[in-house]
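# Close look at the chain arrangement
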Amino acid sequence: MANLIALFMILLIVPGIIGMLYAGSLPEDRRSMLLGWAAGFVILWGIFEVVALPLIFQRQSLDLLCMIYGGIVILLAVISVIANRRKMAMMAVKGIASLRSLPVMGWVNLLLVLGQAYVYVRYLHIDEDDALYVGAATTAVSTNTIFSVSPYTGMEYTALPTRYVLSPFFSFVAFLSRISGVHPAVTAHVVLAATLIILSYAVYALLGRKLFSGQPAQAAYFLFFVILLTLFSGYTVYTQGMFTLVRIWQGKAVLCAILVPMAFYMMLHLWEGESVRADWLFLLLLMCACCMVSSMGIMLGAVMLGIFGILSAARNKSIKMLIYTALCCIPNMICAAIYLAIH
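A few words now on helix H14 (residues 330–342). Every α-helix winds through 3.6 residues per turn, so residues three or four apart in the chain are directed the same way. Between its first and last C-alpha, H14 extends 18 Å over 13 residues, near the 18 Å set by a 1.5 Å rise per residue. Turning to H14, its buried residues are Pro-331, Asn-332, Cys-335 and Ala-336. The buried residues of H14 occupy an angular sector of 135° when the element is viewed end-on, so they sit on one face. Facing away from the buried surface of H14 by more than 90 degrees, the exposed residues are Leu-340 and Ala-341. Those residues of H14 hidden inside the fold are in contact with helix H2 (33–57), helix H11 (277–293), helix H12 (295–316) and helix H13 (320–328).

With that out of the way, let us pick up a nonpolar patch on the surface. Together, Ile-310, Ile-319, Leu-322, Ile-323, Tyr-324, Leu-327, Ile-330 and Ile-334 give the surface a local cluster of nonpolar side chains, amounting to about 710 Å² of exposed area. Tallying contributions element by element places H13 first for the nonpolar patch, with four residues. Looking at the element boundaries, Ile-330 is found in helix H14.

Attention now moves to the packing of aromatic side chains. In the structure shown here, the tally under the stated rule is 17 aromatic pairs. By the ring-pair criterion, three or more aromatic residues cluster together here, those being Trp-37, Phe-41, Trp-45, Phe-48, Tyr-69, Phe-169, Phe-172 and Phe-175. We note Arg-122 situated over the ring of Tyr-123; from NZ or CZ to the ring centre the distance is 5.1 Å. The ring of Phe-243 has Arg-247 sitting right over it, with the charged end atom 4.5 Å from the ring centre.

Turning to the state of the cysteines, a few remarks are in order. Evaluated as defined, the whole model comprises zero disulfides. In this model Cys-291 remains outside any disulfide bridge; the closest cysteine sulfur is found in Cys-335, 4.1 Å from its own. In this structure Cys-291 comes out as buried when scored by relative accessible area, which is 1%. Looking at the unpaired Cys-329, the closest cysteine sulfur is the one in Cys-328, lying at 7.0 Å. A relative accessible area of 7% places Cys-329 in the buried class.

What counts as what
- Residues numbered from 1 in each chain as written.
- Predicted model: local features only at pLDDT ≥ 70, side-chain atom pairs only at ≥ 80, totals over all residues.
- Heavy atoms only, no water.
- Helix = DSSP H or I, 4+ residues; strand = E, 2+ residues; numbered from the N terminus.
- Expected span 1.5 Å × (residues − 1).
- Buried < 20%, exposed > 50% of the residue type's maximum accessible area, 1.4 Å probe, protein only.
- Arc of directions from axis to C-beta.
- Contact = heavy atoms within 4.5 Å.
- Patch = residues over 30% accessible without salt bridge, like charges linked within 9 Å, V, L, I, M, F, W, Y side chains within 5 Å.
- Areas by Shrake-Rupley, 256 points an atom, 1.4 Å probe, with all protein chains shown as cover.
- Salt bridge = Lys/Arg side-chain N within 4 Å of Asp/Glu carboxyl O.
- Phe/Tyr/Trp six-rings, centres within 6.5 Å; stacked < 30°, edge-to-face > 60°.
- Lys NZ or Arg CZ within 6 Å of the ring centre and 35° of its normal.
- Disulfide = S-S within 2.5 Å.

Geometry only, nothing functional implied.
The structure is reproduced here in structure tokens:
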């Protein structure tokens with residue numbers, strides 16, 4: 001139980017600290033603890049893609065991945081605390097003040113979101129795809145490998161599966177399991193599931209704030225509507241809401257429930273010309289994160305950002321935005337090239 005609580009605390013605290021590397025670089029009116037926490041996950045996933053892929057192709061051990069990636073995370077956390085300690089204190093005060101002034105619908109939303117997270121902690125849903133996703137994480141922990149052993153047969157891969165090798169989200173689950181001592185199945189079904197469903201609604205809350213700037217009541221109703229759509233989306237297993245509700249610990253669910261809405265959030269800022277240098281670096285890591293969670297994200301992220309770049313360039317009659325968005329799509333293009341080379 002102590003390990004379980006410790007892992008929950010890691011996922012609640014560390015992303016918030018790491019995310020301040022981005023949020024702390026923004027103008028004061030754009031900073032928030034919610035944005036810092038959500039951005040922290042994106043940064044962690046983007047960096048994980050860059051670190052894990054070379055190790056996977058070199059057939060290195062999970063221990064080495066944990067040492068390198070864990071060291072990078074600790075270093076970034078220390079840098080963030082040193083550079084942003086005053087901003088963190090100011091944002092904490094601001095966050096407490098905004099929580100006190102939360103409208104009634106905001107408290108209703110909070111209860112509904114926490115209730116959904118509690119269902120993950122208290123109950124269990126079995127999904128057939130876990131034979132791969134959770135099985136691969138469990139195999140990695142038990143064999144000290146990174147996607148070198150098949151979770152189906154227990155035999156070493158003679159050739160890495162092209163469909164999954166470029167998106168090692170299950171290796172991230174294995175990393176969390178190894179550093180915490182919590183079994184990969186519990187890490188995925190309990191800790192990650194509860195945390196990620198809160199993160200999903202946090203991103204939508206950010207979207208609501210952006211769409212209804214200066215109107216907290218309308219933003220709260222927007223989030224309430226999103227929650228209702230999610231709760232009543234069980235009419236088929238293919239809806240985004242269904243992926244959020246019953247399989248959020250899987251990479252493809254993370255893509256549709258968290259990273260795609262975060263991409264829309266970033267595009268809204270860029271569309272209004274509110275960008276700073278940190279936005280573009282964060283967008284680059286967001287594309288890396290899209291590649292990391294799912295093979296669909298490799299092309300979907302690039303297509304979304306490419307369309308936005310074309311529209312923005314046409315609107316402003318400037319090629320600058322198109323060049324910037326194209327540069328942010330470099331990770332997607334590299335992964336696509338690797339896929340074609342090994343397929």
